[in-house]
Amino acid sequence: QVQLVESGGGLVQPGGSLRLSCAASGRIFSIPVMGWYRQVPGKQRELVAQIISGGTSNYADSVAGRFTISRDNAKKTVFLQMNSLKPEDTAVYYCNVRVLPGPKEYWGQGTQVTVSS
């Protein structure tokens, strides 16, 4: 079993910054893919950013240039640095990992990000 612990959400004013973290633990040989998704009520969960073990990353068009995903493989942790936040970034953000052995997919519990003045 794999556990994911997220942290870093909160309330921030437009133009501000937040940094999300997600630490994985448990029976893990490797984590080929780590990412962040977000969801607002009434809408589907959407991919925000994803990073593979070699460091290559991709972003949703809506956050490219403002958000940066990174990972610490030794600590099995993924980060999401969010800058120039906008009200439309308000959502519950979920960490997602695909691990070996498996592959198996796991989700974090979600952390609320609210961008409002």
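Just so you know, these numbers come straight off a predicted model, no measurement behind them.

1. Details of the pattern of salt bridges
The final tally for this structure, using the stated rule, is 4 salt bridges. One connected set of salt bridges, linked through shared partners, spans Arg38, Glu46, Arg66 and Asp89.

2. As for unusual backbone geometry
The linkage connecting leucine 100 with the following residue, proline 101, adopts the cis geometry, with an omega of 10 degrees. Residue placement: proline 101 occurs in the loop between strand S9 (91-100) and strand S10 (104-107). The peptide bond linking glycine 102 to proline 103 adopts the cis configuration, its omega dihedral lying at 5 degrees. Examined against the element boundaries, proline 103 turns out to sit in the loop between S9 and S10. The residue lysine 76 is not glycine, and still its phi comes out positive at about 55 degrees.

Cut-off values and rules
- Residues numbered from 1 in each chain as written.
- Predicted model: local features only at pLDDT ≥ 70, side-chain atom pairs only at ≥ 80, totals over all residues.
- Heavy atoms only, no water.
- Salt bridge = Lys/Arg side-chain N within 4 Å of Asp/Glu carboxyl O.
- Helix = DSSP H or I, 4+ residues; strand = E, 2+ residues; numbered from the N terminus.

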